[in-house]
Amino acid sequence: MAAVGAEARGGEGWRAAPLNIPRSPGKLPRPRKRGRDPWGRQSATRRNAAFHSADTLAPKGAPRASPFPRSLTLLTARPARSPQSPPAPRFRWARSARPAPRSAVSRSAEVRRTPWPGPRCPLGRRPLPAWSPCGGIRAAAAAPAWCVPCLVSLDTLQELCRKEKLTCKSIGITKRNLNNYEVEYLCDYKVVKDMEYYLVKWKGWPDSTNTWEPLQNLKCPLLLQQFSNDKHNYLSQVNKGKAISLKDNNKALKPAIAEYIVKKAKQRIALQKWQDELNRRKNHKGMIFVENTVDLEGPPSDFYYINEYKPAPGISLVNEATFGCSCTDCFFEKCCPAEAGVLLAYNKNQQIKIPPGTPIYECNSRCQCGPDCPNRIVQKGTQYSLCIFRTSNGCGWGVKTLVKIKRMSFVMEYVGEVITSEEAERRGQLYDNKGITYLFDLDYESDEFTVDAARYGNVSHFVNHSCDPNLQVFNVFIDNLDTRLPRIALFSTRTIYAGEELTFDYQMKVKPQSGKKVFSSLTVAFVIMVSNIKVSAASKSGFQYS
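The structure reproduced in this document is the subject of the present report.

Criteria and thresholds
Residues numbered from 1 in each chain as written. Predicted model: local features only at pLDDT ≥ 70, side-chain atom pairs only at ≥ 80, totals over all residues. Heavy atoms only, no water. Helix = DSSP H or I, 4+ residues; strand = E, 2+ residues; numbered from the N terminus. Buried < 20%, exposed > 50% of the residue type's maximum accessible area, 1.4 Å probe, protein only. Pairing = 2+ DSSP bridges. Contact = heavy atoms within 4.5 Å.

With that settled, consider the environment of Thr437. Along the chain, Thr437 turns up in the loop between α9 (421-434) and β14 (439-442). Remark: the alpha-carbon pair of Thr437 and Arg427, spanning 10 residues in sequence, is separated by 8.5 Å.

Structure (structure tokens):
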């Protein structure tokens, strides 16, 4: 192991837990001292012998060591130091002064990646992850191929800890709460001797520890209500709208009902985690909520939330303005829009007052005006709380507002991966085979780039099409003044009430305004999710101006 974990520092050596031999959880034997070049003057046989010398058998009858020795330490390193040397850190990066021989490398790599065998080992013979919640990342810098990424979720690690009676403060398992039991969800129901019992899944414990608990012991009214609602919804779907008696005289639930309730509970937990992740990643004021009361569909598996354009390889986005205004009051002075030859886009109520097709030039990072400038609207992000919900009309996911939105107000920005038009044509053919695409052509002045929100995007990724939309598309320029790469902002065309779905026309066209300069329109190159929906070439948005 010295070839992998040794560091030339005062003769200190680093070793890993043995591969195939269980040992007592007491002190580990120290590796023998070596000279300045422990491997250079030894044959392969002596190198192997020196390597195996540290692995000794545990005393007969000694307790079998846990696969996670002491606080879930997946890769334990114990230094050998002299009394004069300072205390060595508990964990450190494994370095190698020189490339190790092949035999030593293969052997030591096997030791580092394989847990102790035995019936108590929850990981079996799988490689150990290169990440430990208690020790951080311990990767071999000289041999990155040895690093095994940890794909185990936090819940799984907590379940393993409690199953093996281990503690780890980094994942929230301490001696105080090691044996705590909290109801995560309810799995089944039965009646025994006129007493109601529920099968409980305990949070942070594996399914094998589920227990039947009497109703009077359960202090979780919300979970009980969810259990009843899920049961009623399943029966409603099976009976197709027929009257259902709320009183159930059966002694136990049918397996199909219990299976549906468990799936619904797991879906609810997955959607909550996704909602928390979206709110961690967002950089705007408005909150994001997720709900699905229609089916068992969970979070999208291949979608990554971003807050701004993500350029594809080979595309450069220069997000640094070359000039800025020096206004003290941008609403009355000659500001950035006037320098660009257009009108200020907003009124005093932060509502847009220019017609569609006219670009919006907001104050940028070089402007001397502060964050309360009336010409900084889109760059502040969404101010409204929105909900990603599962639609009941077969259109998949949709977006609705949870608060009232005034007419002509900024709602959200459309972001995604910026690609070339040639790449968009290639992807469009692949998306056509799947019956869906999220390609948005940036054709304000030229048709060189396209925004693809299929994998990378924000809430606008889930906004559906409508021939009578309540959102309108505008071109926005802030720090990046390249007319080939405008930012896409969606403004409300009318008052939108709480609970109403947000939509815009996927084939939105902007008609020329008489007596005004005409700008190129934005063409949204979407393939409609539902095949029986036909998109008109132009729609009446009912947009009004003041």
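Right, picking up where we left off after that structure.
On to unusual backbone geometry. In this structure, Lys165 is a non-glycine residue whose phi angle is positive, near 60°. Secondary-structure assignment places Lys165 in the loop between α5 (154-163) and β3 (183-192). Given the relative accessible area of 53%, Lys165 is considered exposed. A positive phi angle, close to 60°, is found at Gln350, a residue other than glycine. Structurally, Gln350 can be placed in the loop between α8 (336-340) and β9 (360-361).

We now examine the sheet that holds strand β12 (residues 410-414). Across a sheet, paired strands are connected by hydrogen bonds in the backbone, their directions being either parallel or antiparallel. The strand order across the open sheet built from four strands is β9-β18-β19-β12, with neighbouring strands paired in mixed fashion. The open sheet is flanked by β9 and β12, the only strands paired with a single partner. Where β9 meets strand β18 (residues 471-477), two bridges bridge the pair, whose relative direction is parallel. By the bridge assignment for β18, Tyr361 is matched with Phe477.

Quick look at the environment of Cys325 now. Structurally, Cys325 can be placed in the loop between β8 (310-311) and α8. Take Cys325: its relative accessible area is 7%, and that puts it in the buried class. The spatial distance from the C-alpha of Cys325 to the C-alpha of Cys335 is 5.8 Å, given a sequence separation of 10 residues. Filtering out sequence-adjacent residues up to four positions away, Cys325 remains in contact with Cys330, Cys335, Cys336, Cys363, Arg366, Cys367, Gln368 and Cys369.

Note that all results are geometric; they support no functional claim without further evidence.
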